[in-house]
Amino acid sequence: MNETRAETGVWIGIATISMSFAALTSALVVRQGSASDWQHFQLPPILYVNTLVLLLSSCTLELSRRRVAAGVPDVVLPPQGLHWFQITLALGLLFVVGQLLAWRNLAAQGLFLATNPSSSFFYVFTALHGLHLLGGVAGLTYVLHRLTRTARPGARSALGAASLYWHFMGVLWLYLLSILVIRI
Amino acid sequence: MPDIAAPAAVHRHAPPQGLLRRHVFSLDHKVIGKQYLDLALVAVCTGMVLSWLMRLHLGFPTVPIPGLDKLSPNGAAGGVITPEYYLSLMTMHGTIMVFFVLTTAPFAGFGNYFLPIQVGAEDMAFPRINMTSFWVTLVAFLVLIASFFIHDGPALSGWTAYAPLSAVGKDAGPGQGLGQTLWAISIALFCVAQLLGSLNFITTTLDLRTRGMSLARMPFSTWAWFITAVIGLIAFAVLMPACILLLLDRVAGTSFFIPAGLVISDRLQPHSGGSPLLWQHLFWFFGHPEVYIAILPGFGIISHILPVFTRKPLLGPRVMIGCLIAIAFLSYTVWGHHMFLSGMNPFSATLFSVPTLIITIPATIVTLLWIGTIYGARLRFTTPALFCLGFVSVFVSGGISGFFLAQPSIDTYLHGTYFVVGHFHFVMGVAAMFGIFAGTYFWFPKMFGRMMNETLGKWHFWLTFIGVYCVFMPMHYLGLAGNVRRYSAFTDDYMKPLIPLHRFITIAALFTGAAQLIFLYNLIRSRLRGPKAPDNPWEATTLEWSTASPPPFDNFGGRPPTVSHGPNEYGVPGAAGDYVMQASR
C-alpha cells in the first residue's frame, strides 16, 4: 500500500506543474494580444538538438529501469543498469548546457529578458523548465544513491516515481517548444 | 487467542531523542501541525493589532496613537497615521490574515495534526517535505514582517497587489519599493510551502488510509482538508508564476503588467504594452479559490463537530460531500466577479455572475444540512458546539450579502464600499475564525491531554459573537450609504455624518479584540493546569478519539486501527452509549 506514495506524489506534482505552465501560457496569449509590441524572432536552432538530447535521456532511463526490473529483487543495482542511469544524468545536464547556449545565442542577437515580451516569455519558460529539470536531476541522483547502497524495494518504487517525473519533463518541454514555435 | 483481529504486529516507532528533532525540526505531523497553529496565533495577533490601528485612525483621525511614531517615523509622524501608512497597514492586515492565519490555521495547522490520525496513518506521506513546508511558511512570514522595519515601510497596494501600481516600484508610493518586493517574495515562498503541503495532504489521503477506511468512511473534516488541498494545488500553482512575473516587472525591467505611456509621480515609466488586467485575472484565479481554502476546512470542522454535540448523525452525509466537491469545482469559474469594475468586457461580467449565483446553491444546501442536523436535537451546549452555531450564523449573515454582490448592476455601486468589507469579513474572515475556535476547543484535549475551561470558553464565545456583529453588521449600512473603502479618514466630505458609526465600530473592534485575551488566557492556563482529558471526552466516533490524549509518536502505539464503521454513527439505538466508534480498540 505504502509503496505507491512516491508515484502518487509525482502525479500530483505533475498536475501542479502543468497548472503553473498553463497559467503562464494564458499569460503569454493575453500579453501578446494586449498590445502591438510583440516582436517575432528566430528561435535558436540548438533548441532542436536539445530536444533530441532530452528525448534520448528518457530512452536511456527506461533502459536502465528495465535492467533494474529484470535484475534479481533485493540485490543492489546491476552494473549495466547503472551505466544507463549515469548516461541519463549526463544527457540531462547536457540539455541544461544546451539551453544555456540557446540563451547566449539570444543574447548575441541583442535579445535579453526585458527586451521584448516575446523574449521575456522565452527566458521565463526555459528558465522555469530548466529549474524543474535540475530538480529532476537531483531526484535521480538521490535515487541512484539509494539504489547503489540499499536493496530495499522502496528504492525501486522511488526509481519508478523519478522516471515518471523525468519523462514528464520531456513532455513538458515538447509542449513548451511547440508554444514557442507557434507564438515566437 | 490467535491474533486475527490485529494481524499487524505491534510495531512501535519511538520518537527521536534529540531536542531539535523533537521540537524544532520535527518530522512528526503533530508537532508540525502545532507549529503551524503557533505561527497562526502570532500572525493573528499581529493582524489584529494592525486592524486596531486602522480602526483607531478611522474613528479618531486626528488623535495621535502613542508609540506608533517609533515603529514608523515616516508613516506616523507624531503618532498620526498618514494615508500611505494607512494603506500599508491595510495591505499587511489583509495579507497576514488571509495567508498566514486563514490558510495556515484551519488547513495546514489542524489538517496536519488530524488528517493522518483520522485516516489511521502513522504520519504524513512525506514527512521531510512536510517539515520543509512549515519552515518555508515561517520564512515567508518573516520576510513579510521584515518590511515593517525597512525605511519606507511595507507595501501599500492591498493584499491583491493590483498592477500596475504594484509593478512599477518606488514611484508608486513609499512602500512600493522594497516593501512591495518583499511582499512578492513572501507570497511566492508561501505558494511553494502550500504546494508542498497540499502534495502531502492529497497523497496521505489517497495512499495511507488504514484498513477499512474507505472514502465513504472518511470523516467530513478529512474530506474538507482533502478537497481544500486539491483547490490549493491548482490555485497556488497559478499565483506563484504570477508573483514571479510581478517580481520580474519590478526588478528586471520586463513589461508583463505595466502598460505603455504610464506616468506615475510625474515620471514616464520605461515600460510598454503590459496588461494590468492580466495580473487581476491571474490573481483572482487564485484569489477566489483562496476564499474556499480559508472556509472549506471550517465547513469540514463544523460538519465533524456538530453531530458530536447534537448526538444525531449529520443530515445527508453524501450530499454534504457532493456539495463540497461542487463548491471546489465552481470556485474556479467565478473569479471575474471580483473584477466587475476592472474594465474587462461587460459581457464577461454576466458570464461570471451566473456561476457566482450557482455556487450559492451548494453553499445553501450545506447550511440547510447543518440546520437540519441541529433541528430537533438535544444539543449539548459546550463551547465547541456554541462556536459551530456561531459559524452557521455568521456564514449565513455574510453569505446573504453575497447574493447582492454577485449581480454586476448592484456590485457596480457596492463594490468600492464598506458593504464588501462587511461581506467578506463575515463570510470568510469571521466564519473561518469561528471554525478555528470550534476546532481549538474541540481538539485541544486531544492535542494537549488537558481540558479547556468551559466557563471562560462560553464568555469568549458570547463576547466574540456579539462583538463581531457590532463590528461588521454596521459596515453594510456604511456601504449602502456610499462610504468608500480603502480611504484612511473621512474628515472633510460627504462621509462626515458617518463618523459616529465608524467610532462605534472602532470601539466594538477594540472590545472584541480584548475579548480574545480570554481565549489566550484559557489556552495558556489550560495547557499548564487544565484538568486531565480522557481519551474521548466528547464521546465522538472518529479515529483520533480512539487513541491516547495526546496521541503517541506513531499515533496508535504500533497498532494501526481497522475501521468498521462510518464517522457519522451517533444516536444509534442499542449501542453502548449512543454512538459507535469507527474502530473498536
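About the criteria used
Residues numbered from 1 in each chain as written. Chains lettered and ligands numbered in written order. Predicted model: local features only at pLDDT ≥ 70, side-chain atom pairs only at ≥ 80, totals over all residues. Helix = DSSP H or I, 4+ residues; strand = E, 2+ residues; numbered from the N terminus. Rg over C-alpha atoms; globule rule 2.2 N^0.38 Å. Buried ≥ 20, exposed ≤ 12 C-beta atoms within 10 Å, placed from the backbone. Contact = placed C-beta atoms within 7 Å. Expected span 1.5 Å × (residues − 1). Core = buried A, V, L, I, M, F, W, Y, C linked by C-beta atoms within 7 Å. Nonpolar A, V, L, I, M, F, W, Y, C, P; charged D, E, K, R; others polar. Axes fitted to C-alpha atoms, helices over the stretch in contact; angles between N-to-C directions. Parallel < 35°, antiparallel > 145°, perpendicular 65-115°, else oblique. Left-handed = near helix turned anticlockwise from the far one by under 90°. pLDDT = per-residue confidence, 0-100.

What follows is about the overall build of chain B. On a plain count of helices and strands, chain B comes out with 15 helices and two strands. For 585 residues, the compact-globule estimate of 2.2 N^0.38 gives 25 Å, and chain B sits close to it at 24 Å. Dimensions of chain B, computed from C-alpha atoms along their principal axes, come out at roughly 85 × 50 × 45 Å. Residues classed as buried in chain B amount to 55% of the 585 residues present. For chain B, the proportion of contacts with a sequence separation of at least 24, taken over those separated by at least 6, is 80%.

Let us now look at helix α9 (residues 317-330) of chain B. Taking 1.5 Å per residue as the helical rise, α9(B) with its 14 residues ought to reach 20 Å, and the 20 Å between its terminal C-alpha atoms agrees with that figure. Looking at the buried side of α9(B), the elements it contacts are α7 (220-251), α8 (276-310) and α10 (346-374) of chain B.

Residues and elements named next belong to chain B. One finds L324, A431 and A438 to be the most contacted residues of the largest nonpolar core, which totals 219 residues. Ranked by residue count, the leading element in this core is α7, at 22 residues. Look past the residues within four positions of L324 in its chain and what remains in contact with it is W223, A224, I227, L296 and F299.

Contact residues are listed per partner, giving 24 residues for chain A and 28 residues for chain B. Looking at the side of chain A that touches chain B element by element, the count peaks at 15 residues for helix α1 (residues 5-34) of chain A. Here the residues of the side of chain A that touches chain B sort into twelve nonpolar, nine polar and three charged.

Residue and element names in this part refer to chain B. Put simply, α7 and α9 touch, their axes get as near as 10 Å, and they point 15° apart. With respect to each other, α7 and α9 are oriented roughly parallel. Along this stretch, α7 crosses α9, giving a crossing that reads as right-handed. Contact residues: F220, W223, A224, I227, V230 and I231 in α7; M320, I321, L324, I325 and A328 in α9. For the contact of α7 with α9, the per-class residue count stands at eleven nonpolar, no polar and no charged.

Bringing the environment of A432(B) into the picture now. Residue and element names in this part refer to chain B. On the secondary structure map, A432 appears in helix α13 (residues 418-448). In sequence terms A432 and H271 are 161 residues apart; their C-alpha atoms lie 41 Å from each other. Once residues lying within four places of it in the same chain are set aside, the contact partners of A432 are L102, P106, A294, I295 and G298.

Residues and elements named next belong to chain B. In the predicted model, chain B carries a mean pLDDT of 94, and 98% of its residues have values of at least 70. This model gives residues 1-9 a pLDDT under 50, and the stretch forms three contacts once residues within four places in sequence are excluded. As a predicted assembly, this complex carries a pTM of 0.95 together with an ipTM value of 0.95.

Moving on, we come to the environment of L102(B). Residue and element names in this part refer to chain B. Residue placement: L102 occurs in helix α4 (residues 83-118). Residues L102 and F148, spaced 46 residues apart in sequence, show a C-alpha to C-alpha distance of 21 Å. Look past the residues within four positions of L102 in its chain and what remains in contact with it is M97, A294, M428 and A432.

All names here are of chain B. Axis separation between α4 and α8 bottoms out at 9 Å; the angle between their running directions is 40°. In terms of their interaxial angle, α4 and α8 are classed as oblique. Here the hand of the crossing between α4 and α8 comes out left-handed. Along its contact with α4, which presents V98, L102, T103, P106, F107, F110 and G111, the element α8 presents E290, I293, A294, P297, G298 and I301.

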